[in-house]
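What follows is each chain in one-letter form.
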Amino acid sequence: MSIAVENTKLVVESWVHQFSDELYSWAFYKTSSKETAEDLVQETFLAAYHKIESFQGKSQPKTWLFAILNNKVVDYYRKSARTTKNNFHLTEESGFELSDGLFNTTENWINKEVNPIWESDGELLDNPDFNLVLQYCIEDLPQKWKLAINSKYLSDQKAEDICKELEITTSNYWQIIHRAKLLLKKCLESKWD
């Protein structure tokens, strides 16, 4: 084994002893799963070992490791957001199906049940884990729908400006917003437990 490899191994081993507990606590807090937290911490140290030459010492090792771990957590949620229940996918077609299936032939709501996640006492948008899932659900929307949602709700743009940018009519815009919100609701209900 070369001296550089041996030094790398010793450095990472010392980091494992120094920071494992803190990294695990953070990963467990973010995922609420002992096994997932353990896996993410292990992946963090493996990534640090393989990319140690990119560590320039501009930050503390702990800061660098937490940055790696946070990326692993984001990847974990991104992957779990893409694995949908009942093979539900965020597509324009599924958006049309959702909006078309809301009312019966006499124009009454088909399903009046409210998913329990919307009845929680706390504010969901104050929960960082919920915000991660929401972010991934938005990212999975069809491109034009994602742009419309981001422009309206995150950039606070006016409808007429969004229509010009997306080259769509006003009525098409409102349909896109409506169907995108339905897809987001469905995605959140399937991903947020």
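The structure presented is a predicted model; accordingly, all values stated were derived computationally and were not measured. (Residues numbered from 1 in each chain as written. Predicted model: local features only at pLDDT ≥ 70, side-chain atom pairs only at ≥ 80, totals over all residues. Heavy atoms only, no water.)

This brings us to the confidence of the model for the chain. The predicted model of the chain has a mean per-residue pLDDT of 79, with 74% of residues at 70 or higher. Confidence scores differ between elements of the chain, with helix α4 (residues 92-100) showing the lowest mean pLDDT of 59 and helix α2 (residues 34-50) the highest of 91. (pLDDT = per-residue confidence, 0-100. Helix = DSSP H or I, 4+ residues; strand = E, 2+ residues; numbered from the N terminus.)

Its 12 residues give helix α5 (residues 128-139) an end-to-end C-alpha distance of 16 Å, which sits within 8% of 16 Å, the value for a rise of 1.5 Å per residue. When we look at burial in α5, the residues that qualify are D129, F130, L132, V133, L134, Y136, C137 and I138. If you check the start of α5, you find a side-chain oxygen 2.8 Å away from the backbone N of D129, and it comes from N127. (Expected span 1.5 Å × (residues − 1). Buried < 20%, exposed > 50% of the residue type's maximum accessible area, 1.4 Å probe, protein only. Polar contact = N/O pair within 3.5 Å; in protein donor to acceptor, adjacent residues only side chain to side chain.)

Take the layout of surface pockets next. By volume, the second largest pocket is sized at about 370 Å³. Around the second largest pocket, the lining comprises 14 residues; the ones closest to its centre are L134, I138, I149, L184 and L188. Elements with a contribution of two residues or more to the lining of the second largest pocket: α5, α6 (143-154) and α8 (170-191). Of the residues in the lining of the second largest pocket, the class split is nine nonpolar, two polar and three charged. (1 Å grid on protein atoms, 1.4 Å probe; cavity = no way out; pocket = protein on both sides within 12 Å on 5 of 7 lines; lining within 4 Å. Points joined across faces, edges and corners; volume = space filled by probe spheres on them. Nonpolar A, V, L, I, M, F, W, Y, C, P; charged D, E, K, R; others polar.)

Let us look at the environment of K144. Tracing the backbone through its elements, the reader meets K144 in helix α6. Sequence separation between K144 and I168 is 24 residues, and the spatial gap between their C-alpha atoms is 9.9 Å. Non-local contacts of K144, meaning those with residues more than four positions away in its chain, are made with L166, I168 and I176. (Contact = heavy atoms within 4.5 Å.)

A separate point is the packing of α6 against α8. Running from N to C, α6 and α8 cross one another at 95°; their axes reach a closest spacing of 9 Å. Judged by the angle between their axes, α6 and α8 are roughly perpendicular. Between α6 and α8, the contacting residues are K144, W145, A148, I149, K152 and Y153 on the first element and Y173, W174, I176, I177, R179, A180, K181, L183 and L184 on the second. Each residue belonging to the contact of α6 with α8 can be placed in one class, and the counts come to 11 nonpolar, no polar and four charged. (Axes fitted to C-alpha atoms, helices over the stretch in contact; angles between N-to-C directions. Parallel < 35°, antiparallel > 145°, perpendicular 65-115°, else oblique.)

Two numbers describe how α6 lies on helix α7 (residues 159-166): the axes approach to 10 Å, and their chain directions differ by 150°. What the angle tells us is that α6 and α7 run roughly antiparallel. Crossing handedness for the pair α6 and α7: right-handed. Within the contact between the two elements, α6 uses K144, L147, A148, S151 and K152 and α7 uses I162, E165 and L166. Partitioning the contact of α6 with α7 into residue classes produces four nonpolar, one polar and three charged. (Left-handed = near helix turned anticlockwise from the far one by under 90°.)

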